[in-house]
Amino acid sequence: MSTDKTQLKVLPTLNRRRAPLADPVRQRAILNELDLGPWETSDFDSRVAGVGFDPLLATGVDVLQLNLGRVCNQTCAHCHVDAGPDRTEDMKLPVARRCMEVLAATEIPTVDITGGAPEMSESFRYLVEESTRLGRHVIDRCNLTILLAPRYRDLPVFLAEHHVEVVCSLPHYRQWNTDRQRGTGVFESSIEALRLLNDVGYGRDEDKRLVLVTNPVGAFLPSGQASLEEEWKREMKRLWDVDFDALFTITNMPISRYLEWLTDSGNLEGYMRTLLDAFNPGTVSGLMCRTMLSVSWDGQLFDCDFNQMLDLGLAPGVPGHIDDFDLEALAGRRIVTARHCFGCTAGAGSSCGGSLE
Ligand code: SF4
Ligand code: SF4
């Protein structure tokens, strides 16, 4: 074991470097300025209108996704949040309490907690405890390595006690691909963290669901989720003696640090064309924004986490802060889209719950 698992190599975020792409407006402009062919096929609203979704509407709120902030112990190359140790945004308790008031006043069945590394937020444990007390299903989007940091060593037991579904990022079951995307030492630490989760029943007991999430290391679409899951289950057991319940494949969104990589490597236009060419009408009805509401660390509301990072607020006329939560207005709202949305409809589709087909 050569790496100190609590001291991962981290890089400065776009925000810390004051990089132009730290500005969401600049990110949106770069995507919009690309010449990707006729408007009918290169405009997302037009494309979904052509297959019967004119406009694209939400059908309810089944998932309240809470993004607790940008603080993270890692600085993955593809991060769509531009998270890292140099960020300070964190959901404070008053906002968290308001989210739980909203939850108590509704029957939203699922609370999906993300970040950053959400476990580092001052509100994380409160949100888990309160959501489960209200009888809701809770998901923790965990980067694994945080479970090895001394302050968080009790987390596997805490998560297990509250029957939290743990959804963990792991680009590949071999070291090279994972460390290339997530940083030196991340793979070895991730395997150790997965074993800690297995030890408390995750991936083994029915009420402790453990999901792995893989995304491509490069400018291409993920392979088929079902066949990859079979391969991963076999190889994770054979190579590392790790058990898990399911594998999600997720397409990399052309925003934030991944957008910077696409731009710097000359892959941006080619990647966007790949997404447009692979547009799959069968994915539109299941787009996660149709049943999810995303809340930012400071209580603003968005159609999804990607729109949140691009600072694309809700449609005009829909109250856009958790303080003004209005289920009726939110449940049938028009979804705000832009070119990054082609990342959700390419190939088998992509969402926080994996592929859509
Ligand atoms: S991808 Fe996840 S683990 Fe990596 S820097 Fe972003 S928030 Fe942190
Ligand atoms: S990026 Fe967000 S708003 Fe756009 S299609 Fe995907 S989930 Fe919906």
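Worth saying up front: this structure is predicted, and the values here are computed from it rather than measured.

Rules and cut-offs
- Residues numbered from 1 in each chain as written.
- Chains lettered and ligands numbered in written order.
- Predicted model: local features only at pLDDT ≥ 70, side-chain atom pairs only at ≥ 80, totals over all residues.
- Helix = DSSP H or I, 4+ residues; strand = E, 2+ residues; numbered from the N terminus.
- Rg over C-alpha atoms; globule rule 2.2 N^0.38 Å.
- Buried ≥ 20, exposed ≤ 12 C-beta atoms within 10 Å, placed from the backbone.
- Contact = placed C-beta atoms within 7 Å.
- pLDDT = per-residue confidence, 0-100.
- Near = placed C-beta within 6 Å.
- Nonpolar A, V, L, I, M, F, W, Y, C, P; charged D, E, K, R; others polar.
- Core = buried A, V, L, I, M, F, W, Y, C linked by C-beta atoms within 7 Å.
- Pairing = 2+ DSSP bridges.
- Right-handed = clockwise from strand over helix to strand, strands pointing away.

Chemist: Would you mind showing me how to read the overall build of the protein here?
Modeler: A count of helical and extended segments in the protein gives 15 helices and eight strands. Relative to its length of 357 residues, the protein is compact, with a C-alpha radius of gyration of 19 Å against a globular reference of 21 Å. Taken over the C-alpha atoms alone, the protein extends approximately 55 × 45 × 40 Å along its principal axes. Out of the 357 residues in the protein, the part that is buried amounts to 48%. Nonlocal contacts in the protein, meaning residues at least 24 apart in sequence, comprise 75% of its contacts between residues at least 6 apart.

Chemist: Just to check I follow, could you spell out the confidence of the model for the protein for this structure?
Modeler: Do not read the fine detail of predicted coordinates wherever pLDDT is low. This prediction gives the protein a mean pLDDT of 95; 97% of its residues lie at or above 70. Contacts for the low-pLDDT stretch residues 1–6, under 50 throughout, to residues beyond four places or in other chains number eleven contacts.

Chemist: Hey, could you run me through the site of ligand 2 in this one?
Modeler: In the vicinity of ligand 2, the contacting residues are Leu287, Met288, Cys289, Asp303, Cys304, Phe306, Asn307, Ile335, Thr337, His340, Cys341 and Cys344. Split into classes, the residues belonging to the shell around ligand 2 amount to eight nonpolar, three polar and one charged.

Chemist: What's the story with the nonpolar core in this structure? I'm lost.
Modeler: Soluble, globular proteins show a tendency: their nonpolar side chains are buried together. Among the nonpolar cores identified, the biggest contains 88 residues, and Leu64, Leu66, Cys99, Ile113, Val166 and Cys168 are the most heavily contacted of them. The element that contributes the greatest number of residues to this core is helix α5 (residues 93–105), accounting for five residues.

Chemist: Could you clarify how one ought to interpret the pairing of strand β1 (residues 63–67) in this entry?
Modeler: Two faces, one strand: in a regular strand the side chains alternate between the faces of the sheet. Where burial is concerned, most of β1 is hidden: four out of the five residues are buried. With five bridges joining them, β1 and strand β2 (residues 110–114) adopt parallel strand pairing. Pairing of Gln65 across the sheet is with Asp112, part of β2. The β-α-β motif built from β1, the intervening α5 and the parallel element β2 has right-handed crossover chirality. Strand direction decides the pairing type here: β1 and strand β7 (residues 292–295), joined by four bridges, are parallel. When the sheet's bridge partners are listed, Val63 is paired in β7 with Met292.

Chemist: Explain the site of ligand 1 here, please?
Modeler: The full set close to ligand 1 counts 14 residues, and Cys72, Cys76, Cys79, Ala83 and Asn143 are the nearest of them. Class assignment of the residues belonging to the shell around ligand 1 gives a composition of six nonpolar, seven polar and one charged.

Chemist: Mind showing me how you'd approach unusual backbone geometry here?
Modeler: It is generally the case that most residues other than glycine have a negative phi and that most peptide bonds are trans. Looking along the chain, the bond that leaves Asp54 and enters Pro55 is cis, with omega of 0°. Residue placement: Pro55 occurs in the loop between α4 (44–49) and β1. Along the chain, Gly115 connects to Gly116 via a cis peptide bond; the corresponding omega equals 20°. Tracing the chain through its elements places Gly116 in the loop between β2 and α6 (124–133). The phi torsion at Asp82 lies on the positive side, around 55°, for a residue other than glycine. Looking at the element boundaries, Asp82 is found in the loop between β1 and α5. The backbone phi angle of His163 is positive, close to 55°, even though this residue is not glycine. Topologically, His163 is positioned in the loop between α7 (155–161) and β4 (165–169).

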